[in-house]
Amino acid sequence: LTGCNMADVFPPPSAQGQLARIQQVIQTGEGAIYEAISVVLGEARWYRTSLQPIRDGSGQVTSVLVNTVDITRLKQAEAILRSEKDNLEQAVAERTADLQAALVRVEAILHNSPDAILLVDADLTIQQTNPSFQTLFGTGWDEDLGQSLLTLFHPDDVHTISHLPQIAPAQQNGNQLEVRASRKDGTTFDAELTIGAIKGDGLICIIRDITERKAQERQLRYHASIQESVSDAVIAADMDFRIQSWN
């Protein structure tokens, strides 16, 4: 290649660009490094070229040292990395959107459920309640936050409830039991408590007032006891004369 012109080695556009940069280095005395794509033997390749001035004894630039390295593989790797980065960012954006949509759905359930719903830590510390809970227990939205779930129930039921966090993770449909709950004003009511595990994030508790149901059960048991104790025909009816039971 010694003695060849740039145009003899590189395609005309590349040769012209190379010569222009070399002339600039000679004129300014400042080296330069640049990357460009060139077509060599019919194949597009990436090159990184370093142009450094060579000076004589008086400090004048007499020539330029040109060092060119083929960086095609590096550029291909960078392109792959950019593609992977774009794909990852897209996946993160889609996942974030999915999580946000799930959060909206959960909040909708919490705020519109007729049952009292609580989110609690594994140690039964209350972290969040819904409006139905606040209505049922007669509390403000933040009064019970940070308190133990156990403070909501009759002392005789506390021991049973305290063992549910250890059982809940193994139960796919949650644990359900009937307990007595205490309102802020001190009144108690029959409640159905369901506790389920939230994967990696504590427990969800649902409390339903079953006072009316328990009253009906007691009434039915009362009717049954009467029917069993008499030999005459007995029919139990409500105030609208609807038959409830008979012997």
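Since we're looking at a predicted model, the values are computed, not measured.

> Got a minute to help me understand the overall build of the protein in this structure?
For the protein, the count of helices and strands is 7 helices and 10 strands. Buried positions account for 27% of the 247 residues belonging to the protein. Pairs at least 24 residues apart make up 33% of the contacts formed inside the protein by residues separated by at least 6 positions. Just so you have it, the protein exposes about 16,700 Å², and 54% of that area is on carbon and sulfur atoms.

> Got a minute to help me understand unusual backbone geometry in this structure?
Note: most residues except glycine have negative phi, and most peptide bonds are trans. A positive phi angle, close to 75°, is found at L124, a residue other than glycine. Tracing the sequence through the fold places L124 in the loop between β4 (116-120) and β5 (126-129). A residue is classified by how much of its surface remains accessible, and L124, at 3% relative accessible area, is buried.

> Is there a simple way to explain the confidence of the model for the protein in this structure?
Segments scoring low in pLDDT should not have their predicted coordinates read at a detailed level. Averaged over all residues, the pLDDT of the protein is 84; the fraction at 70 or higher stands at 83%. The least confident element of the protein is strand β10 (residues 243-246), whose mean pLDDT is 64; the most confident is helix α4 (residues 131-137), at 93.

> I would appreciate a short explanation of the sheet that holds strand β3 (residues 61-70) in the present structure.
If you trace the 3 strands from one edge of the open sheet to the other, you get β1-β2-β3, paired in antiparallel fashion. Because the sheet does not close on itself, it has two edges, and the strands there are β1 (32-40) and β3. With strand direction ignored, the average angle separating the axes of adjacent strands in the sheet is 30°. Here strand β2 (residues 43-55) pairs with β3 via 9 bridges, running antiparallel. Residue pairing for β3: I54 is matched across the bridge by S63. Helix α3 (residues 72-112) rests against β1, β2 and β3 of the sheet, and its axis sits at about 120° to β2.

> Is there a simple way to think about α3 in this case?
Note that an α-helix has 3.6 residues per turn; residues three or four places apart therefore point the same way. Spanning 41 residues, α3 covers 60 Å between terminal C-alpha atoms, matching the ideal 60 Å at 1.5 Å per step. Among the structural elements, β1, β2, β3, β4, β5 and α4 are those in contact with the buried residues of α3.

> Just checking my understanding: could you explain the layout of surface pockets for this structure?
Empty space among the atoms can be located by rolling a probe the size of a water molecule over them. The calculated volume of the largest pocket comes to roughly 300 Å³. Lining the largest pocket are 15 residues; nearest its centre among them are V106, L110, L119, I198 and I204. Taken together, the elements giving at least two residues each to the lining of the largest pocket come down to α3, β4 and β8 (203-209). Counting residues per element, the lining of the largest pocket draws most heavily on α3, which supplies 4 residues.

> Help me understand the packing of aromatic side chains in this model?
In this description, an aromatic ring pair is defined by two values, namely the gap between the centres and the angle between the planes. Scanning all chains against the criterion turns up 2 aromatic pairs. Relative to F189, the ring of F137 has its centre 5.6 Å away and its plane inclined at 65°; by these criteria the two rings are edge-to-face. With F137 in helix α4 and F189 in strand β7 (residues 188-197), this pair connects stretches of sequence that are 52 residues apart. Aromatic ring contacts, followed pair by pair, group F133, F137 and F189 into a single cluster. Between R21 and the ring centre of Y34, over which it is positioned, the NZ or CZ distance is 3.8 Å.

> Got a minute to help me understand helix α2 (residues 12-28) in this structure?
Relative to the 24 Å expected for 17 residues at 1.5 Å per residue, α2 spans 24 Å between its end C-alpha atoms, a close match to the ideal helical length. Looking only at α2, the buried set comprises A15, Q18, I22 and V25. Down the axis of α2, the buried set is contained in an arc of 90°. They therefore lie on one face. Facing away from the buried side of α2, by more than 90 degrees, are the exposed residues P12, P13, Q16, Q24 and Q27. Of the residues flanking the end of α2, it is G29, one or two places downstream, whose phi is positive at about 75°.

> Is there a simple way to explain the side chain of E192 in this structure?
Of note, E192 is situated in strand β7. Exposure remark for E192: the relative accessible area of 10% places this residue in the buried category. Side chain to side chain, E192 and R213 meet in a polar contact 3.5 Å long. Apart from the residues lying within four places of it in its own chain, the contact partners of E192 are Q176, L177, I206, I207, R208, I210 and R213.

The rules we used
Within any chain, residue numbers begin from 1 and follow the written order of that chain's sequence. The model is predicted, so local features are restricted to residues of pLDDT at least 70 and side-chain atom pairs to those at 80 or more, both for listing and for counting; the totals for chains, interfaces and linings are taken over all residues. Computation of side-chain values: all heavy atoms of the structure, hydrogens and water removed. Secondary structure elements follow DSSP: runs of H or I of four or more residues count as helices, runs of E of two or more count as strands, with numbering from the N terminus. Residue exposure (1.4 Å probe, protein chains only): buried if accessible area is under 20% of the type maximum, exposed if over 50%, otherwise partly exposed. Only heavy atoms matter for contacts: two residues are in contact if any of them lie within 4.5 Å across the pair. Method for areas: the Shrake-Rupley scheme with a 1.4 Å probe, in which residue coverage is limited to the protein chains shown. Think of pLDDT as the predictor's per-residue confidence, scored from 0 to 100. Two strands qualify as a pair provided that DSSP identifies no fewer than 2 bridges between them. For helices, the fitted line uses only the C-alpha atoms of the stretch in contact; every axis is such a line through C-alpha atoms, and the angle between N-to-C directions lies from 0 to 180 degrees. A helix is expected to reach a length of 1.5 Å times the quantity of its residues less one. As defined here, a cavity is a set of points on a 1 Å grid over the protein atoms alone where a 1.4 Å probe fits but cannot get out. A pocket is an open set with protein on both sides within 12 Å along at least five of seven lines, and residues line them when an atom is within 4 Å of a point. Grid points are joined across faces, edges and corners, and a volume is the space filled by probe spheres set on the points. Side-chain rings of Phe, Tyr and Trp (the six-membered ring for Trp) are treated as a pair once their centres are within 6.5 Å; stacked means planes under 30 degrees apart, edge-to-face means over 60, and tilted covers the remaining angles. Note on criteria: charge over ring means Lys NZ or Arg CZ within 6 Å of the ring centre, with the direction from the centre no more than 35 degrees off the ring normal. Each direction from the helix axis to a C-beta atom contributes to the arc, which is the arc of those directions. Two N or O atoms count as a polar contact when they lie within 3.5 Å, although within protein this holds only if one can serve as hydrogen donor and the other as acceptor, and sequence-adjacent residues are included solely when both atoms are side-chain atoms.

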